[in-house]
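Now for the letters of each chain:
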Amino acid sequence: MNELFVHSKIIGAKYFRIGGGVEKEDIINPTDTSGHGSHCASTAAGNPVRSASLYGLGLGTARGGVPLARIAVYKVCWTKGCHDADILAAFDEAIRDGVDIISISVGPTIVLHLHYFEEVYAIGAFHAMKQGILTSKTADNLGPKPYTMSNYAPWYLSVAASTIDRKFFTNLQLGNGQTFQVCNTH
């Protein structure tokens, strides 16, 4: 664990690698090397960005859910994965730091249905809940079939993707030259 810097939006950053064993491509500090943490942070607390679009589509103002929020970063994932000891240490540190909400977008790559006392996120979130801290946990990207969500502890909020009220049209051309107009609504 180590602190990196203080900024107006990011007010603290720490990393955890209790078991050691980092790879040469790992950056041994809280820096987000994959972009996933930065993406999730901007979804939660990103400042408003006017005239945002995807190649001119959906033009408008983009912002996070709570743009005035400040963020404390707790890096627990490395090239070889995210280890339970690091995850629990980060939960404990966030609780000690007095955060208001814990947002964790980390999870297994296969569907696991574990008991509460075996599931690292349920354990960490339970300790946070006992201190009055809400944990928001990703529902993971393993759906949409039944039983693909394995976050069911009643003391944390599971968050999943949804659809939007816009339609994005594009032309799809097959190898034989035939063209179709297709629509993506999410």
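Quantities reported herein were computed from a predicted structural model and do not represent experimental measurements.

## Digging into the overall build of the chain
On a plain count of helices and strands, the chain comes out with three helices and 11 strands. Element order for the chain, N to C, with α for helix and β for strand: β-α-β-β-β-β-β-α-β-α-β-β-β-β. Expressed as lengths along the three principal axes of its C-alpha atoms, the size of the chain is roughly 60 × 40 × 40 Å. Here the chain, with 186 residues, has 27% of them falling under the buried criterion. Once local pairs closer than 6 in sequence are excluded, the contacts in the chain between residues at least 24 apart make up 52%. Split by element, the accessible area of the chain, about 12,500 Å² in all, is 57% carbon and sulfur. For the chain, the distance from the average position of its 15 positive side-chain charges to the average position of its 15 negative side-chain charges is 9 Å.

## Some points on the side chain of Asn-29
Looking at the element boundaries, Asn-29 is found in the loop between strand 1 (10-15) and helix 1 (36-45). Of note is the side chain of Asn-29, whose polar atom sits 2.5 Å from the side chain of Thr-31. When near neighbours in sequence (up to four residues on either side) are disregarded, Asn-29 contacts Tyr-15, Lys-75 and Trp-78.

## Concerning the pattern of salt bridges
Throughout the structure, instances matching the rule amount to four salt bridges. Here Glu-93 and Lys-14 are joined by a salt bridge, their closest N and O atoms 2.7 Å apart. Taken together, the residues span a long stretch of sequence, with Glu-93 in helix 2 (residues 84-97) and Lys-14 in strand 1 at a distance of 79 residues. Note that Asp-86 and Arg-17 form a salt bridge whose closest N and O atoms lie 3.0 Å from each other. Taken as a pair, Asp-86 in helix 2 and Arg-17 in the loop between strand 1 and helix 1 lie far apart in primary sequence, 69 residues in all. Pair check on accessibility: Asp-86 and Arg-17 agree, each one buried. Here the salt bridges share partners, and the residues they tie into one network are Lys-14, Glu-93, Arg-96 and Asp-97.

## Side note on the confidence of the model for the chain
Mean pLDDT for the chain: 86, with 92% of residues reaching 70 or above. Below a pLDDT of 50 lies the segment residues 1-6, which in the model reaches 18 contacts outside its immediate sequence neighbourhood of four places, other chains included.

## Re the sheet that holds strand 7 (residues 101-104)
Spatial ordering of the open sheet is given by 7-8-9, a layout of three strands whose pairing is parallel. One side of each edge strand has no neighbouring strand; the edge strands of this open sheet are strand 7 and strand 9 (157-159). On average, each strand axis in the sheet is tilted by 20° relative to the strand beside it, whichever way the strands run. Bridge count between strand 8 (residues 134-138) and strand 9: three bridges; the pairing is parallel. Among the inter-strand pairings, Thr-138 is bridged to a residue of strand 9, identified as Val-159.

Cut-offs used in this document
- Residues numbered from 1 in each chain as written.
- Predicted model: local features only at pLDDT ≥ 70, side-chain atom pairs only at ≥ 80, totals over all residues.
- Heavy atoms only, no water.
- Helix = DSSP H or I, 4+ residues; strand = E, 2+ residues; numbered from the N terminus.
- Buried < 20%, exposed > 50% of the residue type's maximum accessible area, 1.4 Å probe, protein only.
- Contact = heavy atoms within 4.5 Å.
- Areas by Shrake-Rupley, 256 points an atom, 1.4 Å probe, with all protein chains shown as cover.
- Lys, Arg positive; Asp, Glu negative; His and termini not counted.
- Charge placed at Lys NZ, Arg CZ, Asp CG, Glu CD.
- Polar contact = N/O pair within 3.5 Å; in protein donor to acceptor, adjacent residues only side chain to side chain.
- Salt bridge = Lys/Arg side-chain N within 4 Å of Asp/Glu carboxyl O.
- pLDDT = per-residue confidence, 0-100.
- Pairing = 2+ DSSP bridges.
- Axes fitted to C-alpha atoms, helices over the stretch in contact; angles between N-to-C directions.

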